[in-house]
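# Observations on the three-dimensional arrangement
Residues per chain are reported as follows:
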Amino acid sequence: MRYGFVYYIGDVNSISIGSGTNIQDHSLVHVAKSNLPGKVHPTVIGDNVTVGHSAILHGCTVEDEAFIGMKATLLDGVVVEKHAMVAAGALVRQDTRIPSGEVWGGNPAKFLRKLTDKEIAFFAESAANYKSLAEVHATKNAEPLDDTEFLKVIQKKPKEDKPLI
């Protein structure tokens, strides 16, 4: 599921996104054909992953039920294992592996702490909630507007700004 402006650029390699995964507004998913070490990196995102707003995933692998925070950046060769978390705003350097059950954050990202069982359970819950929301939106968006509703939408006048004083 994706909303608004999410960019997928698979121009020189492949992008794979698993079932139940949600990638939020203003995120970028890109791939790498080559980099300084000369490695080729597709972007692979597993099942039931939540990717926060404005995240950048570049030539990396995010395993099932992982959580990527808002504005996090994952560079070429990064692997985020199942049930791992990248904190909001983190910059994960090239070829870093984030083990299951850990949260990493900062710039550059480093180990912060172990995740609790409750936090790990939230990852699957988060993905399920976004999947349900997507289904509601898809159903609502598929409903046709009747003529009256359509006219209201296209003839709606913008609200006038009122002076503050």
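It should be emphasised that the depicted structure is a prediction, and the values quoted were computed from it without experimental measurement.

### Examining the packing of aromatic side chains
What the rule picks out here adds up to two aromatic pairs. For the pair F67 and F122, a centre-to-centre distance of 6.1 Å together with 45° between the ring planes defines the contact as tilted. In this pair, F67 sits in strand β9 (residues 67-68) while F122 sits in helix α1 (residues 117-142), placing the two residues 55 residues apart along the sequence. Exposure remark for F67: the relative accessible area of 16% places this residue in the buried category. Their ring planes at 25° and their centres at 5.5 Å tell us that F67 and F123 sit as a pair that is stacked. Here F123 lies in helix α1 and F67 lies in strand β9, a separation of 56 residues in the sequence. Residue classification places F123 among the buried positions, given a relative accessible area of 2%. Members of the aromatic cluster, each reached through a chain of ring pairs, are F67, F122 and F123.

### Some words on the pairing of strand β16 (residues 109-114)
The pairing of strand β15 (residues 102-106) with β16 spans five bridges and is classified as antiparallel. When the bridges of β16 are listed, V103 appears paired with R113. Hairpin connection, β15 to β16: the antiparallel pair is bridged by two residues.

### A few points about the sheet that holds β15
Read from one edge to the other, the open sheet built from six strands follows the order β3-β6-β9-β12-β15-β16, with strand pairing classed as mixed. Both outer strands of the open sheet, β3 (22-23) and β16, are each paired with one neighbouring strand and no more. In this structure, strand β12 (residues 85-86) lies alongside β15, joined through two bridges in parallel fashion. For M85, the partnering residue across the bridge sits in β15 and is V103.

### Some words on the pattern of salt bridges
A full pass over the atoms with the stated rule returns three salt bridges. A salt bridge links R97 to E81; the shortest N-O distance between them is 2.7 Å. A residue pair is termed long-range when its members are at least 10 positions apart, and R97 in strand β14 (residues 97-98) and E81 in the loop between β11 (79-80) and β12 qualify at 16 residues.

### Some thoughts on the sheet that holds β14
The five strands lie next to each other as β2-β5-β8-β11-β14, forming an open sheet whose pairing is parallel. Looking at strand neighbours, the two that pair on one side only are β2 (15-17) and β14, the edges of this open sheet. Pairing analysis gives two bridges linking strand β8 (residues 61-62) to β11, with the strands arranged parallel. Following the sheet pairing, V62 is matched in β11 by V80.

### Some words on the environment of H53
Relative to the assigned elements, H53 resides in the loop between β6 (50-51) and β7 (56-58). Taking the C-alpha atoms as reference points, H53 and S27, 26 residues apart in sequence, are found 5.8 Å from one another. Discounting chain neighbours no more than four positions away, the residues touching H53 are Q24, D25, S27, M70 and K71. One polar contact links H53 to Q24, side chain to side chain, over a distance of 3.0 Å.

### Some remarks on α1
Between its first and last C-alpha atoms α1 spans 38 Å; for 26 residues at 1.5 Å apiece the expected length is 38 Å, and the two agree. In this fold, the buried residues of α1 make contact with β3, β6, β9 and β12.

### With respect to the nonpolar core
Formed by 22 residues in total, the largest nonpolar core has its most connected members in L57, V62, I68, L74, V80 and V86. Discounting chain neighbours no more than four positions away, the residues touching L74 are I56, L57, H58, C60, V62, I68, V80, V86 and V92.

Reading the values: the criteria
- Residues numbered from 1 in each chain as written.
- Predicted model: local features only at pLDDT ≥ 70, side-chain atom pairs only at ≥ 80, totals over all residues.
- Heavy atoms only, no water.
- Phe/Tyr/Trp six-rings, centres within 6.5 Å; stacked < 30°, edge-to-face > 60°.
- Helix = DSSP H or I, 4+ residues; strand = E, 2+ residues; numbered from the N terminus.
- Buried < 20%, exposed > 50% of the residue type's maximum accessible area, 1.4 Å probe, protein only.
- Pairing = 2+ DSSP bridges.
- Salt bridge = Lys/Arg side-chain N within 4 Å of Asp/Glu carboxyl O.
- Contact = heavy atoms within 4.5 Å.
- Polar contact = N/O pair within 3.5 Å; in protein donor to acceptor, adjacent residues only side chain to side chain.
- Expected span 1.5 Å × (residues − 1).
- Core = buried A, V, L, I, M, F, W, Y, C linked by side-chain atoms within 4.5 Å.

Bear in mind that shape data such as this cannot, by itself, settle questions of function.
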